[in-house]
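Each chain is listed here by its residues.
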Amino acid sequence: MAENNGTYLIRGAAVLGSEAEDLLIRDGVIAARGTGAATSPDAAGATVIEATGLVALPGMVDVHTHLREPGREDAETVETGTRAAALGGYTAVHAMANSTPVADTAGVVEQVFSLGRAAGWVDVRPVGAVTVGLAGEQLAELGAMADSRARVRMFSDDGICVHDPVLMRRALEYVKAFDGVVAQHAQEPRLTAGAQMNEGEVSAVLGLTGWPAVAEESIIARDVLLAQHVNSRLHVCHVSTAGSVEIIRWAKQRGINVTAEVTPHHLLLTDDLVRSYNPVYKVNPPLRTDADVQALRAGLADGTIDVVGTDHAPHPSEHKECEWAQAAMGMTGLETALSVVQHAMIETGLMTWADFARVTSTAAAQIGRLSDQGRPLEAGEPANIILVDPAARWTVDPAKMATMGRNSPFAGLELPGRVVATFYKGHPTVLDGKLNTPYRHPAGSTAGAA
């Protein structure tokens, strides 16, 4: 499909899965929607995209991505990771802070932000570390990162829990000054020393050190109370247990300002897969039981869990193709998330495509305070849009993915749904299911954080 003057007419797409409508994109915004879009004077010279049978959704926003750069370019780069994101239907990702060096200063977050803009595939929003070097001893430069060109609004030591309650309280208090949020990796380290998998029946059979649910739940319980005490925003990363869902539900019922995410893999996979000893299933937090999976799905459906976050965690093959005990924890997820959520939530009747848009885009943009993402597909709004073929079926082949990571737990699995096109700021980064060309930011343009 040829490039044009920046005008595209999407014809006959089911907006949020409802009635088929036309969408006109011009100069980076939705110029018109509905019956008048095709006859609008703005449609002159438009490239027509036939979208009959396709669902139009707001571009997806990931609150939890590991892009590895700087320092771990052997696992992923901002370029490769954001290519994967665009193919997966994302128009914005939040890049976690556990790079090398850690993103705990204004200089590092600005470097990541600049790399994202240079790549041009999606918005890259750096997540700042809560503590210096992720060491859990002193607060990082939260204010400086918030005031930087990257305009950081989310802070996390993800991969490591901020386990000191005094430090966690101080962080929650600090981010209030700029409407930030602390995203907690809920894992009490003293309860998970040497843990290899979920503590339960399967760990007992396999003889692997168990990772108890209470290690996650106890931190969430503590932190929602801290957030209530200081009246601040808390976000809970990768919720994995039924008990965690209940604690978050309890907190929300009491008006505590807490949001939470669940990963696609925790919506589908269980600890029974660990019987294979295949390290591709080793992840933090660990895969849990089927009862946990069902509770997570119910929590996402009823709004207790706000968003789906991929926790995309690519690793070099040598860090995964080894003995279980030595293998790194983590799974890729950017290019499979849409399909897994369609399979687990939409095909089971738990959610609609409108619900999907809420948990993969709208709510995520609100948590990250991204003013131009997750917007309604209406005239005048930014044209961050994806077109999805819900009837498509495909078999996951990690070797064919854009991410450098090959550690997908869904390898060989047939999944529904295919991203046909991704429009980022009105520019098609993906067309016909393939990478097209990146968006080039105008000189002097700035970040879009609220």
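Residues numbered from 1 in each chain as written. Predicted model: local features only at pLDDT ≥ 70, side-chain atom pairs only at ≥ 80, totals over all residues. Heavy atoms only, no water.

(A) Quick peek at the overall build of the protein chain. For the protein chain, the count of helices and strands is 10 helices and 19 strands. Over its C-alpha atoms the protein chain spans a radius of gyration of 21 Å, differing by no more than 12% from the 22 Å that the globule rule assigns to 450 residues. In terms of overall dimensions, the protein chain has a C-alpha envelope of 65 × 45 × 45 Å along the principal axes. In the protein chain, buried positions account for 61% of the 450 residues. (Helix = DSSP H or I, 4+ residues; strand = E, 2+ residues; numbered from the N terminus. Rg over C-alpha atoms; globule rule 2.2 N^0.38 Å. Buried < 20%, exposed > 50% of the residue type's maximum accessible area, 1.4 Å probe, protein only.)

(B) Local environment of the pattern of salt bridges. Under the criterion given, the structure shown has 22 salt bridges. We note a salt bridge from E173 to R169, for which the minimum N-O separation is 3.1 Å. Residue E173 and its partner R169 are both found in helix 4 (residues 165–175); the two are separated by 4 residues, about one turn of the helix. Of the residues examined, R169 reaches a relative accessible area of 35% and is grouped as partly exposed. Among the ionic pairs, R233 bridges to D179, the shortest N-O distance being 3.6 Å. (Salt bridge = Lys/Arg side-chain N within 4 Å of Asp/Glu carboxyl O.)

(C) Layout of the pairing of strand 4 (residues 47–50). Judged by which residues are buried, strand 4 turns out to be one-sided: T47 and I49 face inward and are buried, whereas V48 and E50, on the alternate face, are not. Two strands pair when backbone bridges link them, and strand 1 (residues 7–15) and strand 4 are joined in this way by 4 bridges, in the parallel orientation. Bridging across to strand 4, I10 finds its partner in I49. (Pairing = 2+ DSSP bridges.)

(D) View of helix 1 (residues 78–87). Taken across its 10 residues, helix 1 has 7 buried, putting it largely inside the fold. All of the buried residues in helix 1 are V78, T80, G81, T82, A84, A85 and A86. Tucked inside the fold, the buried residues of helix 1 contact strand 7 (90–95), helix 2 (106–119), strand 8 (123–126), strand 17 (414–424), strand 18 (427–431) and strand 19 (434–435). Taken from the residues just after helix 1, G89 is the one with a positive phi, measuring 100 degrees. (Contact = heavy atoms within 4.5 Å.)

(E) Region of the structure containing the sheet that holds strand 6 (residues 60–65). Ordered in space as 6-7-8, the 3 strands form an open sheet in which the pairing is parallel. Looking at the sheet topology across the chains shown, the edges are occupied by strand 6 and strand 8. Neighbour to neighbour, the strand axes of the sheet diverge by 20 degrees on average, direction disregarded. Pairing analysis gives 4 bridges linking strand 6 to strand 7, with the strands arranged parallel. Paired with D62 across the strands is V93, a residue of strand 7. Where helix 2 meets the sheet, its contacts fall on strand 7 and strand 8, and the angle it forms with strand 8 comes to roughly 175 degrees. (Axes fitted to C-alpha atoms, helices over the stretch in contact; angles between N-to-C directions.)

(F) How the structure looks around the side chain of N407. Position of N407 relative to the elements: it lies in the loop between strand 16 (385–395) and strand 17. Within the structure, the side chain of N407 is placed 2.9 Å from the backbone oxygen of A313, a separation counted as a polar contact. Beyond its immediate chain neighbours, meaning those up to four positions away, N407 contacts V280, A313, P314, H315, K320, G330, M331 and T332. (Polar contact = N/O pair within 3.5 Å; in protein donor to acceptor, adjacent residues only side chain to side chain.)

(G) Geometry of the packing of helix 6 (residues 213–230) against helix 7 (residues 242–253). It is at 9 Å that the axes of helix 6 and helix 7 come closest, and there the two elements cross at 10 degrees. In this view, helix 6 runs roughly parallel relative to helix 7, as classed from their interaxial angle. For the pair formed by helix 6 and helix 7, the contact residues are E216, E217, I220, A221, V224 and L225 on the first element and G243, S244, I247, I248, W250 and A251 on the second. Class assignment for the residues of the contact of helix 6 with helix 7 results in 8 nonpolar, 2 polar and 2 charged. (Parallel < 35°, antiparallel > 145°, perpendicular 65-115°, else oblique. Nonpolar A, V, L, I, M, F, W, Y, C, P; charged D, E, K, R; others polar.)

(H) Inspection of the environment of G412 at higher detail. With respect to the element layout, G412 can be found in the loop between strand 16 and strand 17. Each C-alpha atom, one on G412 and one on D397, is 6.3 Å from the other, the two residues being 15 residues apart in sequence. Beyond its immediate stretch of four places on either side in the chain, G412 contacts T395 and V396.

(I) Main features of unusual backbone geometry. Across the junction of E69 and P70, the peptide omega takes the value 10 degrees, indicating a cis bond. With respect to the helices, strands and loops of the structure, P70 is situated in the loop between strand 6 and helix 1. Geometrically, the link from N284 to P285 is a cis peptide bond, its omega value of -5 degrees lying close to zero. Position of P285 among the secondary structure elements: in the loop between strand 14 (258–262) and helix 8 (290–302). In this model, N231 sits at a positive phi of 55 degrees, which is unusual for a non-glycine residue. Examined against the element boundaries, N231 turns out to sit in the loop between helix 6 and strand 13 (234–236).

(J) Highlighting the sheet that holds strand 13. Within the open sheet, the 5 strands sit side by side as 9-10-13-14-15. Their pairing is parallel. Each edge of the open sheet is held by one strand with a lone partner, namely strand 9 (154–155) and strand 15 (307–308). Pairing of strand 9 with strand 10 (residues 181–184), which is carried by 2 bridges, proceeds in the parallel orientation. Each residue of the ladder has a partner; that of M154, found in strand 10, is V181. Packing of helix 4 onto the sheet brings it into contact with strand 9, strand 10 and strand 13, and relative to strand 10 it is tilted by some 145 degrees.

(K) How the structure looks around the pairing of strand 16. Sheet analysis places strand 5 (residues 55–58) next to strand 16, joined by 4 bridges and oriented antiparallel. Residue pairing across strands places V55 opposite V388, the latter belonging to strand 16. Inspection of the sheet shows strand 16 paired to strand 17 by 8 bridges, in the antiparallel sense. Following the sheet pairing, R393 is matched in strand 17 by P416.

(L) Representation of helix 4 in the model. L167, M168, A171, L172 and V175 are the residues of helix 4 that are buried. For helix 4, the buried positions fall inside an angular range of 135 degrees around the axis, keeping them on one side. The inward-facing, buried residues of helix 4 contact helix 3 (142–147), strand 9, strand 10, helix 6 and strand 13. Of the residues flanking the start of helix 4, the one acting as N-cap is D164, its side-chain oxygen 2.9 Å from the backbone nitrogen of V166. (Arc of directions from axis to C-beta.)

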